[in-house]
Amino acid sequence: MKKAKHNSSVQILTAAGRRKKNKERLGYALRVLMGICFISPLAIGVLFSFVPNEFLNSLPTFDTILQNFTLENYQHLFSSIPVLRYVSNSLTLCLIIISVQIIVSCLAAYAFSCFNFPGKDFFFNLILIAMMIPGQVTTITNYLTVQGMGLINTYIGLCLPYFVGGTAIFMMRQFFLTLPKELKEASLLDGCGDMRFLFRIAMPLAVPTIASLGIYIFIDIYNLYFWPMLVAQDPNMFTVQIGMSMLVSSGAVEYGRVLAGAVISILIPLVAFIIGEGYLIKGMTAGAVKG
């Protein structure tokens, strides 16, 4: 009887283990399938960007693609529009906004998390409410302000509305709330002031959050189209998104060249996301346990 019960228990455990493995395999297969579905349009776009336009009016076969593989679309792209200039403008925009927004968000978040002052909750709730307002609502007001200040066709005019971000303040505040109070008290006893504690202790500990915030801001600013289109009226100030839109004319669309421009546009943020993916996940979850 004991042996029969033992064999029955082993069989039940074996069956449960098999079901678990089957579920894991099914989940893995579904994730792979979803990944293929998401990445296939991008892969097809990259592949078609190396095919002459005359073969893209109808769906080309794989043999046609291999036989007519060319860099003509990219050569035309770099010869017809100043791609490097547009990319440089976009990167300059990202660098200025990321630097200013991280400094401002760290200072504001440190105040909201470590100090008590009148109206603290009111002002923080005001920031949360501002996060819910679409940016398009304030576009006209921002444009009139920038125009009145004479900042049209300048980097400052392009960057000014993005120097302060509610999301950045919220993320940094959530991280600073996780820092032990004993750490600050010990630093104060050692003669470390508030600003020194922020820049020497708190911000170095917040590097994963700051890195993820930088990547988030970079992808968001790099993909801006509407605001730069309003402020950057000089072709020398065009960003990469505006520059690539020039490939679509009112006449016949040359799909190969448009796809080449799209590949150039997404290449830099894609590389940034791949490099900083780990920091992005750590930063988004850093303040999830306390708030």
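The structure we're discussing is the one just above.
Quantities reported herein were computed from a predicted structural model and do not represent experimental measurements.

**Some points on the packing of helix α10 (residues 194-205) against helix α11 (residues 207-222)**
1) Next: In the contact formed by α10 and α11, the axes pass within 5 Å of each other and the chain directions differ by 70°. Looking at the two axes, α10 sits roughly perpendicular to α11. For the pair α10 and α11, the contacting residues are M203, P204 and L205 in the first and V207, P208 and I210 in the second.
2) Next: Classifying every residue of the contact of α10 with α11 gives six nonpolar, no polar and no charged.

**Quick word on the pattern of salt bridges**
1) Next: According to the stated counting rule, one finds two salt bridges in the structure shown.
2) Next: Between E72 and R257 there is a salt bridge; the shortest N-O distance is 4.0 Å. Within this pair, whereas E72 is found in helix α3 (residues 72-80), its partner R257 is found in helix α14 (residues 255-275), the two being separated by 185 residues in sequence.
3) Next: On the accessibility criterion, E72 (36% relative accessible area) is partly exposed.
4) Next: In this structure, K184 and D194 form a salt bridge, with 3.3 Å as the shortest nitrogen-oxygen distance.

**Observations regarding α3**
1) Next: Within α3, burial applies to N73, Y74 and L77. Seen from one end, α3 has its buried residues packed into an arc of 95°, which puts them on one side. Exposed and oriented more than 90 degrees from the buried face of α3 are Q75 and S79.

**As for the environment of M203**
1) Next: Within the secondary structure layout, M203 lies in helix α10.
2) Next: For M203, a relative accessible area of 15% translates into the label buried.
3) Next: Distance from M203 to M172, taken between C-alpha atoms, is 9.4 Å for residues 31 residues apart in sequence.
4) Next: Residues within four places of M203 in sequence aside, it is in contact with C106, L198 and I210.

**Concerning the packing of aromatic side chains**
1) Next: Summed over the entire model, instances satisfying the criterion amount to twelve aromatic pairs.
2) Next: Ring centres of Y110 and F176 lie 6.1 Å apart, and the angle between their planes is 85°; on these two criteria the pair is classed as edge-to-face. Of this pair, Y110 sits in helix α4 (residues 83-114) while F176 sits in helix α8 (residues 166-176), and the two are 66 residues apart along the sequence. Exposure class is identical for Y110 and F176. Each is buried.
3) Next: Counting every residue linked through ring pairs, the aromatic cluster contains Y110, F115, F175, F176 and F197.
4) Next: A cation over an aromatic ring shows up here: R173 above the ring of F124, its NZ or CZ 4.1 Å from the ring centre.

**A closer look at the environment of D220**
1) Next: With respect to the helices and strands, the residue D220 is situated in helix α11.
2) Next: By relative accessible area, which is 41% here, D220 ends up partly exposed.
3) Next: Separated by 126 residues in the primary sequence, D220 and C94 have C-alpha atoms spaced 8.9 Å apart.

**So, the side chain of T139**
1) Next: With respect to the element layout, T139 can be found in helix α6 (residues 139-148).
2) Next: Among the polar contacts listed, one links the side chain of T139 to the backbone oxygen of Q136, at a separation of 3.2 Å.
3) Next: For T139, the residues in contact, after removing those within four places along its chain, are F226, W227 and L230.

**A look at unusual backbone geometry**
1) Next: Not every positive phi belongs to a glycine, and N153 is a case in point at roughly 65°.
2) Next: Looking at where N153 falls in the secondary structure, it is placed in the loop between α6 and α7 (155-159).

Rules and cut-offs
- Going along each chain's sequence as written, the residues are numbered from 1 onward.
- Two thresholds apply to this predicted model, a pLDDT of at least 70 for residue-level local features and 80 or more for giving and counting side-chain atom pairs, whereas whole-chain, interface and lining totals are computed over all residues.
- Computation of side-chain values: all heavy atoms of the structure, hydrogens and water removed.
- Helix axes use the C-alpha atoms of the stretch in contact, all axes being lines fitted to C-alpha atoms, and the angles between their N-to-C directions lie in the range 0 to 180 degrees.
- The way it works is that DSSP assigns letters per residue, a run of H or I at least four long becomes a helix, a run of E at least two long becomes a strand, and they are numbered from the N terminus.
- Any angle that falls under 35 degrees is termed roughly parallel, while one over 145 is termed roughly antiparallel, one within 65 to 115 roughly perpendicular, and all others oblique.
- Residue contacts follow a heavy-atom distance rule, with two residues in contact if any of their heavy atoms lie within 4.5 Å.
- When residues are grouped by polarity, Ala, Val, Leu, Ile, Met, Phe, Trp, Tyr, Cys and Pro land in nonpolar, Asp, Glu, Lys and Arg in charged, and all others, Gly among them, in polar.
- The term salt bridge refers to a side-chain nitrogen of Lys or Arg lying within 4 Å of a carboxyl oxygen of Asp or Glu.
- Three exposure classes are used, based on accessible area relative to the maximum for each residue type with a 1.4 Å probe and protein chains only: buried under 20%, partly exposed in between, and exposed over 50%.
- Note: the arc covers the axis-to-C-beta directions of the helix.
- Stacked, edge-to-face and tilted are the three classes for Phe, Tyr and Trp ring pairs, Trp counted by its six-membered ring, which pair at centre distances within 6.5 Å; planes under 30 degrees apart are stacked, over 60 edge-to-face, the rest tilted.
- When the NZ atom of lysine or the CZ atom of arginine is within 6 Å of a ring's centre and also within 35 degrees of its normal, the charge is said to sit over that ring.
- Between N or O atoms, a polar contact is any pair within 3.5 Å; within protein, one atom must be a potential hydrogen donor and the other a potential acceptor, and residues adjacent in sequence are included only when both atoms are from side chains.

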